[in-house]
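Commentary on secondary and tertiary structure
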Amino acid sequence: VNNLQIEVVQTDAPFSASPNIIWQCRDVDDAHIPPFTKWYVKSAANNQYDRVRCNVRVTTDGYLFLCHDDTINNVARNTDGSAIAETINTNGQTLATLNSYDWGILYGSKYAGSTVPMFEDFCKWAALYNLGVTWHSATSLVETDALLEEQFEILDKYGLMDNLIVITSGGQRFSTMQ
């Protein structure tokens, strides 16, 4: 991120030359880059983060998508770029409904026409840029045994399971996640 400055305070610190410090990106630049997209992941890599975080949700027709908030209003717009007047909950929507909104235009015209960020796409991009993933279930709806298995299969498909960090919505299904 261009607005961060790093100052080396002490170069002869009493720890190893490779301290166990991991830089995790939560929001690369949420004013200019659509969250959880290929641009978000690429920007995290370009800014030398070690891992990226995602908030997983599920549509009523079974698709795994990413959105931090309980509504889409802060990240999506109508297709003409105007704000969505009514509150649209992230839960209880079909993929078609979510994709009837523009998920990129808020962040600039070059992102106009973007669809809802999908979990598997995010995993593919994280693997491409060699970034670890912090998986955050934004709702217990994604924590059924079947959906956990599906998500962990996707993470495994892209080699992201070995250093996965898990944040649950309340600790449900902990034994399944282990």
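The following refers to the structure shown. A quick note: this is a predicted structure, and the numbers were derived from the prediction, not measured.

A word on the side chain of R77
With respect to the helices and strands, R77 occurs in the loop between β3 (64-66) and α2 (95-98). Notably, R77 is buried but unbridged: the nearest opposite-charge side chain belongs to D80, and the N-O separation is 8.5 Å. Here N73 takes part through its backbone oxygen, which lies 2.7 Å from a polar atom of the side chain of R77. With residues near it in sequence (within four places) discarded, R77 still touches S82, A83, I84, Y101, D102, I105 and L106.

As for the packing of aromatic side chains
As enumerated under the stated definition, the model contains six aromatic pairs in all. When the centroid spacing of 5.5 Å and the interplanar angle of 65 degrees are considered together, the rings of W135 and F152 count as edge-to-face. With W135 in strand β4 (residues 132-137) and F152 in helix α4 (residues 145-157), this pair connects stretches of sequence that are 17 residues apart. Overall, W135 belongs to the buried group, its relative accessible area being 0%. Taken together, F36, Y40 and F122 form an aromatic cluster joined through their ring pairs.

Quick word on the pairing of strand β2 (residues 51-58)
In summary, the side chains of a regular strand alternate between the two faces of the sheet. Of all eight residues in β2, eight are buried; the element is thus mostly enclosed. Alternating residues of β2 divide into R51, R53, N55 and R57 and V52, C54, V56 and V58, and every residue in both groups is buried. Pairing geometry for strand β1 (residues 24-25) and β2, over two bridges, is parallel. Among the inter-strand pairings, Q24 is bridged to a residue of β2, identified as R51. The sheet contact formed by β2 and β4 spans six bridges and is parallel. Looking across to β4, one finds that N55 is bridged to H136. The sheet contact formed by β2 and β3 spans three bridges and is antiparallel. Note that in β3 the partner of V58 across the bridge is L64.

Thresholds, definitions, all that
- Residues numbered from 1 in each chain as written.
- Predicted model: local features only at pLDDT ≥ 70, side-chain atom pairs only at ≥ 80, totals over all residues.
- Heavy atoms only, no water.
- Helix = DSSP H or I, 4+ residues; strand = E, 2+ residues; numbered from the N terminus.
- Buried < 20%, exposed > 50% of the residue type's maximum accessible area, 1.4 Å probe, protein only.
- Lys, Arg positive; Asp, Glu negative; His and termini not counted.
- Salt bridge = Lys/Arg side-chain N within 4 Å of Asp/Glu carboxyl O.
- Polar contact = N/O pair within 3.5 Å; in protein donor to acceptor, adjacent residues only side chain to side chain.
- Contact = heavy atoms within 4.5 Å.
- Phe/Tyr/Trp six-rings, centres within 6.5 Å; stacked < 30°, edge-to-face > 60°.
- Pairing = 2+ DSSP bridges.

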